[in-house]
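Next come the chains, spelled out residue by residue.
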Amino acid sequence: MRAGGGAAAAAAGLLGAAAAAAAKLALGPGGEAAGGWLPVLLRITCVGLVFACNAVMWTVFAKALRLSSSSATASVTTTASNFISSAILGKLLFGETWTPLWWVGLTMTLCGLVLLHTAAPQPAWLPAEKKEA
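Rules used throughout
- Residue indices begin from 1 for each chain and proceed along its sequence in written order.
- With the structure being a predicted model, the display of local features is reserved for residues of pLDDT at least 70 and the display and counting of side-chain atom pairs for 80 or more, all residues being used for whole-chain, interface and lining totals.
- Water and hydrogen atoms play no part in the side-chain values, which are based on all heavy atoms of the structure.
- In this description a helix means any DSSP run of H or I spanning at least four residues, a strand means any run of E spanning at least two, and both kinds are numbered starting from the N terminus.
- Think of it in three bands: residues with accessible area under 20% of the maximum for their type are buried, residues over 50% are exposed, and the middle band is partly exposed, with areas taken using a 1.4 Å probe on protein chains only.
- Contacts are assigned to residue pairs that have any heavy atoms within 4.5 Å of one another.
- The Shrake-Rupley method, run with a 1.4 Å probe sphere, supplies the accessible areas, and residue values consider only the shown protein chains as cover.
- Residues enter patches when they are more than 30% accessible in relative terms and free of salt bridges; like-charged ones are connected within 9 Å and nonpolar ones (Val, Leu, Ile, Met, Phe, Trp, Tyr) within 5 Å.
- Put simply, a salt bridge is a Lys or Arg side-chain nitrogen that is within 4 Å of an Asp or Glu carboxyl oxygen.
- Helices are assigned an expected span. That span is 1.5 Å times one less than the residue count.
- Helix axes are fitted only over the stretch in contact, all axes being lines through C-alpha atoms; the angle between N-to-C directions runs from 0 to 180 degrees.
- Here the angle decides the label: under 35 degrees means roughly parallel, over 145 means roughly antiparallel, 65 to 115 means roughly perpendicular, and every other value means oblique.
- Here a crossing is called left-handed whenever its near helix is offset anticlockwise from the far helix by less than a right angle, and right-handed whenever the offset is clockwise.
- Side-chain classes are defined by residue name, with Ala, Val, Leu, Ile, Met, Phe, Trp, Tyr, Cys and Pro counting as nonpolar, Asp, Glu, Lys and Arg as charged, and the others, Gly among them, as polar.
- Take the buried residues of types Ala, Val, Leu, Ile, Met, Phe, Trp, Tyr and Cys, join any two whose side-chain atoms come within 4.5 Å, and each joined set is a nonpolar core.

### A short note on the overall build of the protein chain
Along the protein chain, the regular secondary structure elements total four helices and zero strands. Sequence-ordered secondary structure for the protein chain, helices as α and strands as β, is α-α-α-α. The buried share among the 133 residues of the protein chain stands at 26%. Pairs at least 24 residues apart make up 71% of the contacts formed inside the protein chain by residues separated by at least 6 positions. In the form shown here, the protein chain has an accessible surface area of approximately 9200 Å², with 72% of it arising from carbon and sulfur atoms.

### Observations regarding a nonpolar patch on the surface
Side chains of Leu25, Ile88, Leu92, Leu93, Phe94, Trp98 and Trp103 sit close together on the surface and give an oily, nonpolar patch of about 680 Å² of accessible area. Ranked by the residues each element gives to the nonpolar patch, the list is headed by helix H3 (residues 71–94), at four residues. Inspection of the secondary structure puts Trp103 in helix H4 (residues 100–118).

### A word on helix H1 (residues 5–27)
Here H1 is 23 residues long and its end C-alpha atoms lie 33 Å apart, about the 33 Å a rise of 1.5 Å per residue gives. Gly5, Ala8, Ala9, Ala12, Gly13, Gly16, Ala17, Ala19, Ala21, Ala22 and Ala26 are the residues of H1 that are buried.

### Things to note about the packing of H1 against H3
Between H1 and H3, whose axes approach to 7 Å, the crossing angle comes to 40°. Overall, the two elements H1 and H3 adopt an arrangement that is oblique. Read as a crossing pair, H1 and H3 show a hand that is right-handed. Between H1 and H3, the residues in contact are Gly6, Ala9, Ala10, Ala12, Gly13, Leu14, Gly16, Ala17, Ala18, Ala21, Lys24 and Leu25 and Ala74, Thr77, Thr78, Ser81, Asn82, Ser85, Ser86, Leu89, Leu93 and Phe94, respectively. Each residue belonging to the contact of H1 with H3 can be placed in one class, and the counts come to 12 nonpolar, nine polar and one charged.

### Some details on the nonpolar core
Within the largest apolar cluster, eight residues are counted, these being Ala8, Ala9, Ala12, Met57, Val60, Phe61, Ala64 and Ala74. Those elements giving two or more residues to this core turn out to be H1 and helix H2 (38–67). At four residues, the largest contribution of residues to this core is made by H2. Residues in contact with Ala64, not counting those within four places in the same chain, are Gly5, Ala8, Ala9 and Ala74.

If you want it as structure tokens, here you go:
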């Protein structure tokens, strides 16, 4: 992965997690007890954040694909970043808990990322062109 590709892929994952958190805030229960326009305006703002985060996320992900040596590297890095960012945002915003199975999944994901990013790139094999006599 060229310089900036990994950072762009990680940023895309974070933006995807932010969009999911904004959607959960926009569509989740709560806020009805306060009444008035404030809960409605906050929900509308969160819906706008969902669209904004997704638009920027796709732009940054496209940049990560362009800077990456393979689409698999960019996709896996984005997915891992999204997985970790979603967990952190879930803990901070919604008080979600992490089970031992979640830690196993995180460990396997990080091991896969290490293998993917430290493996030497394999040269592409191209068959020799046949010359006509």
